[in-house]
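# Analysis of the macromolecular model
Next come the chains, spelled out residue by residue.
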Amino acid sequence: MAELTGDTAHRDRFRAAAKKLKDAFNKEFLGSDGHYRTAKDPEYRQASNCIPLAFGMVPAGAKASVTASLLADIEKRGNHLNTGRLGTSVLLRALSASGHPEVAHAVATQRTYPGWGHWFERGADTMWEYWPLDSRSHDHYFLGTIVQWLYENVAGPRPGDAGYRTFTVRPDARAGVDWARTELHTVRGPAAVSWSQIDKTVRLTVRVPVGATAEAHVPAANKGAAHAPAGAEYLRTEPGFAVYRAPHGTWECSGAPDVAVLDTDRDVLRPCRAAPGGGFCRRPGEGRAGVGGQWRAVVCRGMHGAIRGTQDGTGKAPMAARWVRGSVGALLAVTAVAGCDAGSDGKGKPEPESSATAEVALPLERYQLSGRDTERYQEATDLLAQRCMVDLGYTGFPRHPKEPHSGASLTLTAMSTQYGEVDLDSARRWGYGFDPKERAKQEPDGRAMTDAESGALHGEPRGATPSGHKTPPKGGCSGQAQRRLLKGVKDATRLWTYPARREERLDKAARRDPRVRRALRTWAQCVVEKGFKRYAAPDDAFRDPAWRRGQDGNTTRTRRELGTAVADVECKREHHTVAMWSTVLAERQRADIRAHQTTYDAVRRDLDTVRAAVRAAFDA
C-alpha cells in the first residue's frame, strides 16, 4: 500500500522489517539438513516447507534442498499430501512454480486417502472440511483450494491489477492434461483462455477485454520455438515459456515446450579460459541453447588447491581432474594451467534465478550441485581459506588471489555442449574456436600471492614459516576449507563422481540408441548437402585436425572451418537433432535412477549436507 500511495518512508520501513523477519524466520526454522522444522514438531512436515517456498521465504541457496525434501516426502507417501488447510492451499502451486507440475498432478489426482480423489471415489461432489469420510461439513473451502490451482496453473489466467486491467496467463501445470479452457467475466468484459497440446505443440488462445493488457506466457523451450501474431510484444524468456504482452483482442499463439530452436539473440556461449581447450560456458544473464542441457566448463577461479596444475622447471605439467556437473553428460574438467585452480566463473552468478531456472532439467540434475550451488560452494571455499590465511597472520590476504608466478600452460580441448557447437552466432564468427579476448576476463581479481602465502594456502610450504605467522594446517588453508565443507559427508568420492560417471555412461548408451543414430545420420547428410565433409557425429566435426588448433586451443578460423561450423549448427536446428538426443538421454536417466535409487538417494543426502555446510560458512 505504501508503494502504491508513494509513501516511500513507510515503504522502506516495511521492507526493512520484512527482511528482518525473513532472516529471523530462516535462522530459527531452516535446519542444517536443508529443510524447515520446528522444535515442537521435529518430524518432517510438508506444510513447513511448501509454505516458505510459496511465499518466497526460502534463501536462494536453500531452494534446491527444500524442494528436494518436499519431493522426497511426497514420493515416500506414495504421491499423497500430508498437509492441513494452510499447506494444502499452496502445495500444488508451489510444486508447479518449482518446476514439478507432474508431481502436483500426481497429488491432485490421487484416489486414495488422503486426497480429493478419495472423496470423489466415495460419491462426494463438493469440497469437505476434513479428509476423513466422517467430516462434519461437506461444503467447506478449507481443503478446496485445489480450485485456485486448476484455474491459475492448469488453465492459466492469474489476476494482476484490480479489475483485471492487467492479468497474466501462464499454464504451468499442464502435466497429465491435454487441454484446458476457462472464461472470467471481469468489469471490463470477458477474459478467456484456452490451450491444447497435440504432439509436441501447444496452441494457446488468449482473449483480452477492452482496456486490459495480458502478459501471455507461451509454453516454449525458448523464443525461437514460440510464435505469436504481429502486435504481441515479445518481453523475455522464462523457464519453459516465451513471454509476450498482448493488448485488447484475441491472440492465437503456439509453442514447442520440448523442442528448442536456436535463438541467436539469447543462446550465446562464451569461452572460459580454463575450460579444457578454451571450451565455452554460459555467462551470467544469458540464455541456453538446445534442449536437455548445456555444459558448464570450469574456469580458473576459486577452489584453491582442489585442482592445481603448474609447469615447473622440468617441463612436466602435473595434472589433476575431477568430475564437474554438466546438464547433459559429465564434463571431465582437466586443468593444467600455471597457477590455476578449477572452479566456476567468478565474475558473476553462473546461474542467476532468471536464467538458471530457464534450463530444461534432466533427471540426474537432482543429484548434482546446480550452477548456483557450485558457485556458492566455491565462494565458501574461498571465504574459509581467506579467513584461515588471516588467522595465520597473513593480513590483507585477498579472497581471489593470483598465483605468484605465471608459467607455461597446457591447454586441452572440449566441446561447448554434449551435442557439439550449438550457437549459430559463435559459429559464424569463431567457427570451432573462440574469441581470444575472452580469456583475459577469467583472471582472479585479487593481487598476486607471495611464495610464502602460496605455500600456506596450498599446503606446500617453501622454507620456514615467516616470523610472526602460524604454521599452516595440513593441506594448507584450502585443504582445511575443503574438510570443513565436506564434514559429515558419508562418501565424498561417491558424491562428486557417481552421478557424473553414470551420466557419461548413459550418454554413450544414448548415442547407440537407434533414434539418436538415425538423427545423427540425418544431421550428417544435411551437412554434406550444404557442401561440407561428412562426419559421423558433431564431436568429429569439432575435432577435425584441419582446423589446426594452436597452443592456446584456438583454431585458425579458415573459410571452410566457419562454413562447416555454421552448417553443423543449422542442420541441428533444421532436423531437431538436439531435441531427439536429449529425449533419449532423459529416458535412460530416469531408468537408471529407478535401478540405482538407493545410491542416488545417498548422494542426495550428502548434497544436502554440503549445502548446509556452505550456508553455515556464510552465516559464521
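Cut-offs and rules
Residues numbered from 1 in each chain as written. Predicted model: local features only at pLDDT ≥ 70, side-chain atom pairs only at ≥ 80, totals over all residues. Heavy atoms only, no water. Pairing = 2+ DSSP bridges. Helix = DSSP H or I, 4+ residues; strand = E, 2+ residues; numbered from the N terminus. Axes fitted to C-alpha atoms, helices over the stretch in contact; angles between N-to-C directions. Disulfide = S-S within 2.5 Å. Buried < 20%, exposed > 50% of the residue type's maximum accessible area, 1.4 Å probe, protein only. Contact = heavy atoms within 4.5 Å. Salt bridge = Lys/Arg side-chain N within 4 Å of Asp/Glu carboxyl O. pLDDT = per-residue confidence, 0-100.

## Focus: the sheet that holds strand β8 (residues 233-238)
Here we have five strands laid out as an open sheet, ordered β1-β2-β6-β9-β8, and mixed in their pairing. With one partner strand each, in any of the chains shown, β1 (157-159) and β8 form the two edges of the open sheet. Along the sheet, successive strands turn relative to each other by an average axial angle of 20°, direction set aside. Sheet topology note: the β1/strand β2 (residues 166-169) ladder contains three bridges and is antiparallel. Note that in β2 the partner of Arg 158 across the bridge is Thr 168.

## Concerning the state of the cysteines
Applying the stated criterion across every chain, the model contains two disulfides. Across the disulfide, Cys 526 is cross-linked to Cys 571 (sulfur-sulfur distance 2.1 Å). Residues Cys 526 and Cys 571 share a disulfide whose torsion about the S-S bond is about -80°; that sign makes it left-handed. In this pair, Cys 526 is assigned in helix α15 (residues 514-529) and Cys 571 in helix α17 (residues 559-575), connecting sequence segments 45 residues apart. By relative accessible area, which is 5% here, Cys 526 ends up buried.

## Regarding the environment of Thr 88
When you line up the elements, Thr 88 lands in helix α5 (residues 85-97). Residues Thr 88 and Gln 46, spaced 42 residues apart in sequence, show a C-alpha to C-alpha distance of 9.2 Å. Setting aside anything within four residues of it in sequence, one finds Thr 88 in contact with Leu 81, Thr 83, Trp 116, Trp 131, Leu 143 and Thr 145.

## Comments concerning the pattern of salt bridges
The final tally for this structure, using the stated rule, is 34 salt bridges. Residues Arg 136 and Glu 129 are paired through a salt bridge, measuring 2.9 Å at the closest nitrogen-oxygen approach. You can call Glu 129 buried: its relative accessible area is 4%. A salt bridge links Glu 587 to Arg 515; the nearest nitrogen and oxygen atoms lie 2.7 Å apart. Linking Glu 587 in helix α18 (residues 577-595) with Arg 515 in helix α15, this pair joins segments that are 72 residues apart in sequence. Here Glu 587 falls in the partly exposed class, since its relative accessible area comes to 33%. For Arg 515, a relative accessible area of 28% corresponds to the partly exposed category. Several salt bridges share partner residues, and in doing so they unite Arg 158, Arg 170, Asp 172, Glu 215, Arg 236 and Glu 238 into one network.

## Here's the deal with the confidence of the model for the protein
Of all residues in the protein, 80% attain a pLDDT of 70 or more, and the chain-wide mean is 79. Low confidence marks residues 260-360, where pLDDT is under 50. Its contacts with residues over four positions away, or in another chain, come to 344 contacts. Under a pLDDT of 50 for its full length, residues 407-412 has, in the predicted model, 24 contacts with residues more than four places off or in other chains.

## Notes on the sheet that holds strand β4 (residues 189-198)
The strands that make up a sheet pair up through hydrogen bonds in the backbone, lying either parallel or antiparallel. Taken together, the five strands give an open sheet; going across it, the order is β3-β4-β5-β10-β7, and neighbouring strands pair in antiparallel fashion. One side of each edge strand has no neighbouring strand; the edge strands of this open sheet are β3 (179-186) and β7 (226-227). Bridging between strand β5 (residues 201-208) and strand β10 (residues 249-255) involves seven bridges; their strand directions are antiparallel. Bridge pairing in β10 links Arg 207 to Thr 250. Together, β3 and β4 form the strand contacts of helix α8 (residues 146-155), whose direction differs from that of β3 by roughly 115°.

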